[in-house]
Amino acid sequence: MLKKRLIPCLVLRDNLIVQSIGFGTYLPIGRAEIAVEFVANWDVDEIFLVDITATREGRPPNTSIVSSVSRDCFVPLTYGGGIRTLEHVRSVLEAGADKVSVNTACFTDPAFVSKASKAFGVQCIVASVDVKSGSKGRPEVMQGDGHKATGKDPAEWARQVEDMGAGEIFLNSVDRDGTKKGYDIELVQEIASAVKIPVIACGGVGKLQDFVDGILLGGASAVSAANIFQYTEHSTILAKAKLKTAGVDIRLNTAAKYDNVGFDEHGRLLKRGQDDLESIWFEKHQLEEI
Amino acid sequence: MAQRICVVDYGMGNLRSVENALRFLGCRTRLAASPEGLKGADAYVLPGVGAFGEAMENLARRGLRGPLSGLVIKEKVPILGICLGMQLVAESSDENGNHKGLGWVQGHVRKIPVGKTTRLPHIGWNNVEISKTDPLYQKVKGDLNFYFVHSYRFECDDEYVSATCEYDVPITASIQKGHIFATQFHPEKSQENGLRVLRSFVDYVQNSRH
């Protein structure tokens, strides 16, 4: 059957990958090419790359970055940021992306989103939906870079972008972004049951269990996160090991084996015994040339 | 000598992804957007992302349809269709009305029936069951899953099916009819096992060269 997916989200700001906290504070990480090359080799199922300042600065999509990161990226790559025209979509795909993510355009030009979906197929269009708790206590959809409130109900909006022709929804919680408090599970549940297309949950992952909750409790088809992957060793492989042990059907494609190992309360691997370590000390792994 | 693989460019699809993967395997690649560009290749790759009708129209508009059929059917140059490129080799498709395909493999493209727990598009990594190992799946290993992204499936006689996958209903994952190969999944985006499938195709091309 179809596997659940783990999708690192790489946030691009002024041509640098950054950590984002609350859609307002940004910590620099490094070059996009390096970040993509690393995660692409770390057993992830897809990569989501989003340029958060393209639309605000009125720039077209950053095709030169797409073309340099896609060179050795043999997993699907989604690019978002500044996409407003069919020509933009075409140029991003030509540069090596497999899907595009749209946010602002869903508000300003729904007809374009529909046209893009017809021309490139629904599977090519990911609608990015950012949600924040509104002033009246009700969550509402935010437009663009997470700062412009629209007053729209998240579930209603999710159905609208589905009707526009989106093939997936990338759902992010502005409140949870960078907080490490876990996904807004209620929100994920609400959106996943409102639409028939797959929902990718994002925003707030602080520990590996959050991925499990996003899928088993939230009902997401895929789970995404950004910050946890940047400062945690073996983060993607550990995330998958955690999902696997929780009974989630996920793709494992790594030489790393996690049989008979446990996790501590922080989701770190438990230290193995000295005998165990000595027995694998000189194990040789032949590199395959495909 | 490196194989010369021509990627058919009909204005739709993630052409660069396919080229990146083939170059990684050491092939010489080029895009062909006109009949002249098709000449002198050891094999073709017909990629594709998008809608069936528009793809057939684009192939015709660029004058690629007839010449490509000539090269593949008369001159028996190997070809690998990917995703929409696999569906195009069918006789017809029901996507947004009824459209005629290239008709190289007897079969029809119809929408995947949605089950109780399934969503469309069928996006993500799915296990495949291989029914014909030789030559496409000779090198794959481990957990056999590949990246799919589509809403329609290829319905044809079992004799052409080389692998299937399950999504509440069976879906043709790949087909083979002689030197005509096609995969519904994206080998160029299926990490090691995807690259192994492409390597097997490239090896087949090399061995069948006369």
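Look above for the structure.
Residues numbered from 1 in each chain as written. Chains lettered and ligands numbered in written order. Predicted model: local features only at pLDDT ≥ 70, side-chain atom pairs only at ≥ 80, totals over all residues. Heavy atoms only, no water.

1. A word on empty space enclosed by the protein
Then step 1. Applying the stated criterion across every chain, the model contains two cavities of 30 Å³ or more.
Then step 2. Taken as a whole, the largest cavity holds about 80 Å³ of empty space.
Then step 3. Together, Asp98, Lys99, Gln123 and Cys124 of chain A together with Asn14, Val49, Tyr147, Val149, His186 and Lys189 of chain B line the largest cavity.
Then step 4. Each residue belonging to the lining of the largest cavity can be placed in one class, and the counts come to four nonpolar, three polar and three charged.
Then step 5. Estimates place the volume of the second largest cavity at around 30 Å³.
Then step 6. Lining the second largest cavity, in full, are Arg251 and Asn253 of chain A together with Asp143, Asn145, Ser190, Gln191, Glu192 and Asn193 of chain B.
Then step 7. The biggest single contributor to the lining of the second largest cavity is helix 5 (residues 191-208) of chain B, with three residues.
Then step 8. Tallied by class, the residues present in the lining of the second largest cavity amount to no nonpolar, five polar and three charged. (1 Å grid on protein atoms, 1.4 Å probe; cavity = no way out; pocket = protein on both sides within 12 Å on 5 of 7 lines; lining within 4 Å. Points joined across faces, edges and corners; volume = space filled by probe spheres on them. Nonpolar A, V, L, I, M, F, W, Y, C, P; charged D, E, K, R; others polar. Helix = DSSP H or I, 4+ residues; strand = E, 2+ residues; numbered from the N terminus.)

2. What about the nonpolar core?
Then step 1. By size, the foremost hydrophobic cluster in this structure holds 81 residues, and its most contacted members are Ile47, Leu49, Ile169, Leu171 and Phe211 of chain A.
Then step 2. If we skip the residues at most four places from it in the chain, leucine 171 of chain A touches Val129, Val131, Leu187, Val188, Ile191, Val199, Ile200, Ala201 and Cys202 of chain A.
Then step 3. In this structure, Leu25, Val128, Ala173 and Phe181 of chain B belong to the second largest nonpolar core, which totals 38 residues. (Core = buried A, V, L, I, M, F, W, Y, C linked by side-chain atoms within 4.5 Å. Buried < 20%, exposed > 50% of the residue type's maximum accessible area, 1.4 Å probe, protein only. Contact = heavy atoms within 4.5 Å.)

3. A short note on a nonpolar patch on the surface
All names here are of chain A.
Then step 1. On the surface, Ile34, Phe38 and Trp42 cluster together to form a nonpolar patch covering roughly 280 Å² of accessible area.
Then step 2. Inspection of the secondary structure puts tryptophan 42 in the loop between helix 1 (32-40) and strand 4 (47-51).
Then step 3. We classify tryptophan 42 as partly exposed; its relative accessible area is 32%. (Patch = residues over 30% accessible without salt bridge, like charges linked within 9 Å, V, L, I, M, F, W, Y side chains within 5 Å. Areas by Shrake-Rupley, 256 points an atom, 1.4 Å probe, with all protein chains shown as cover. Salt bridge = Lys/Arg side-chain N within 4 Å of Asp/Glu carboxyl O.)

4. Structural notes on the interface of chain B and chain A
Then step 1. With 41 residues of chain B at the interface, the matching set in chain A holds 46 residues.
Then step 2. Taken over both partners, the interface formed by chain B and chain A buries close to 3,500 Å², and the fraction arising from carbon and sulfur atoms is 52%.
Then step 3. Of all residues in chain B, Arg119, Trp125 and Gln191 of chain B bury the most surface against chain A, accounting for 22% of the area lost on that side.
Then step 4. Between lysine 141 of chain B and glutamate 288 of chain A there is a salt bridge, with its nearest N and O atoms 3.9 Å apart.
Then step 5. Joining chain B to chain A, the criterion identifies 22 residue pairs in polar contact (both at pLDDT 80 or more).
Then step 6. Only helix 1 (15-24), strand 8 (122-127), strand 10 (145-150), strand 12 (161-167) and helix 5 of chain B provide two or more residues apiece to the side of chain B that touches chain A.
Then step 7. Its residues placed into classes, the side of chain B that touches chain A shows 14 nonpolar, 15 polar and twelve charged. (Buried area = accessible area lost by both parts, 1.4 Å probe. Polar contact = N/O pair within 3.5 Å; in protein donor to acceptor, adjacent residues only side chain to side chain.)

5. Overview of helix 3 (residues 86-94) of chain A
Then step 1. Listed in full, the buried residues belonging to helix 3 of chain A are His88, Val89, Val92 and Leu93 of chain A. Down the axis of helix 3 of chain A, the buried set is contained in an arc of 130 degrees. They therefore lie on one face.
Then step 2. Elements that come into contact with the buried residues of helix 3 of chain A comprise helix 2 (63-70), strand 5 (77-80), strand 6 (99-102) and helix 5 (110-120) of chain A together with helix 1 of chain B.
Then step 3. One or two steps after helix 3 of chain A, the chain reaches glycine 96 of chain A, where phi turns positive at roughly 120 degrees. (Arc of directions from axis to C-beta.)

6. Things to note about the sheet that holds strand 12 of chain B
Residues and elements named next belong to chain B.
Then step 1. What the eight strands build is an open sheet, ordered 2-1-3-4-14-13-12-9; its pairing is mixed. The outermost strands of the open sheet, each flanked by one partner alone, are strand 2 (28-32) and strand 9 (129-130).
Then step 2. In terms of strand pairing, strand 12 meets strand 13 (residues 169-177) through six bridges, oriented antiparallel. Within the sheet, the bridge partner assigned to alanine 163 lies in strand 13 and is serine 174.
Then step 3. Packing of helix 5 onto the sheet brings it into contact with strand 1 (4-8), strand 3 (43-46), strand 4 (79-82) and strand 14 (180-183), and relative to strand 3 it is tilted by some 150 degrees. (Pairing = 2+ DSSP bridges. Axes fitted to C-alpha atoms, helices over the stretch in contact; angles between N-to-C directions.)

7. A short note on the packing of helix 3 of chain A against helix 5 of chain A
Residues and elements named next belong to chain A.
Then step 1. At a minimum axis distance of 10 Å, the contact between helix 3 and helix 5 shows a crossing angle of 45 degrees. Considering their axes alone, helix 3 and helix 5 lie oblique with respect to each other. For the pair helix 3 and helix 5, the crossing hand works out as right-handed. Across the interface between the two elements, Leu86, Val89, Arg90 and Leu93 of helix 3 pack against Phe112, Lys115, Ala116 and Phe120 of helix 5.
Then step 2. Classifying every residue of the contact of helix 3 with helix 5 gives six nonpolar, no polar and two charged. (Parallel < 35°, antiparallel > 145°, perpendicular 65-115°, else oblique. Left-handed = near helix turned anticlockwise from the far one by under 90°.)

8. A word on the sheet that holds strand 6 (residues 99-100) of chain B
All names here are of chain B.
Then step 1. Taken together, the four strands give an open sheet; going across it, the order is 6-5-7-11, and neighbouring strands pair in mixed fashion. A single partner strand is all that each edge strand has here, and the edge strands are strand 6 and strand 11 (152-156).
Then step 2. When strand 7 (residues 107-111) meets strand 11, the two strands line up antiparallel, connected through five bridges. Counted as the bridge partner of valine 109 is phenylalanine 154 from strand 11.

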